[in-house]
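# Fold and geometry: a report
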Amino acid sequence: MASNQQTGPGIGELAKDTTRGRIGVVMGEVGGRVQIRPINGGKEWDAMPDDVVPTSTREELSARLAIRNGNSRAGL
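Residues numbered from 1 in each chain as written. Predicted model: local features only at pLDDT ≥ 70, side-chain atom pairs only at ≥ 80, totals over all residues. Heavy atoms only, no water.

Let us look at the nonpolar core. Counting seven residues, the largest nonpolar core consists of Ala-15, Val-26, Val-34, Ile-36, Trp-45, Ala-47 and Val-52. Of all the secondary-structure elements, those providing two or more residues to this core are strand 3 (33–38) and strand 4 (45–47). (Core = buried A, V, L, I, M, F, W, Y, C linked by side-chain atoms within 4.5 Å. Buried < 20%, exposed > 50% of the residue type's maximum accessible area, 1.4 Å probe, protein only. Helix = DSSP H or I, 4+ residues; strand = E, 2+ residues; numbered from the N terminus.)

A word on the pairing of strand 3. Of the two faces of strand 3, only one is covered, namely that formed by Val-34, Ile-36 and Pro-38; the face formed by Arg-33, Gln-35 and Arg-37 stays uncovered. Alignment of strand 2 (residues 22–30) against strand 3, held across six bridges, turns out to be antiparallel. Across the sheet, the residue bridging to Val-30 is Arg-33, located in strand 3. Here strand 2 hands over to strand 3 after two residues, with Gly-31 in that stretch at a positive phi of 60 degrees. Note that strand 3 and strand 4 share three bridges and pair antiparallel. In the strand pairing of strand 4, Ile-36 is matched with Trp-45. Counting the residues that bridge the hairpin from strand 3 to strand 4 gives six residues, and of these Gly-41 lies at a positive phi of roughly 90 degrees. (Pairing = 2+ DSSP bridges.)

In structure tokens, the structure reads:
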């Protein structure tokens, strides 16, 4: 029996690309690959769906804190 349940993070959710060790926001899927954008913006990268996993709470907090600290240093 086939399942239509999504196993990885959905669009707009934080995800970790285990191959690159990077965290970003899932933007969509194109050509069988997941497109992920850094949480502070920037150029998207493609990842294989099997390499994309939800972030742990600790990873999410760490990534968001790094963005906030960077914005603070930039005066934003």
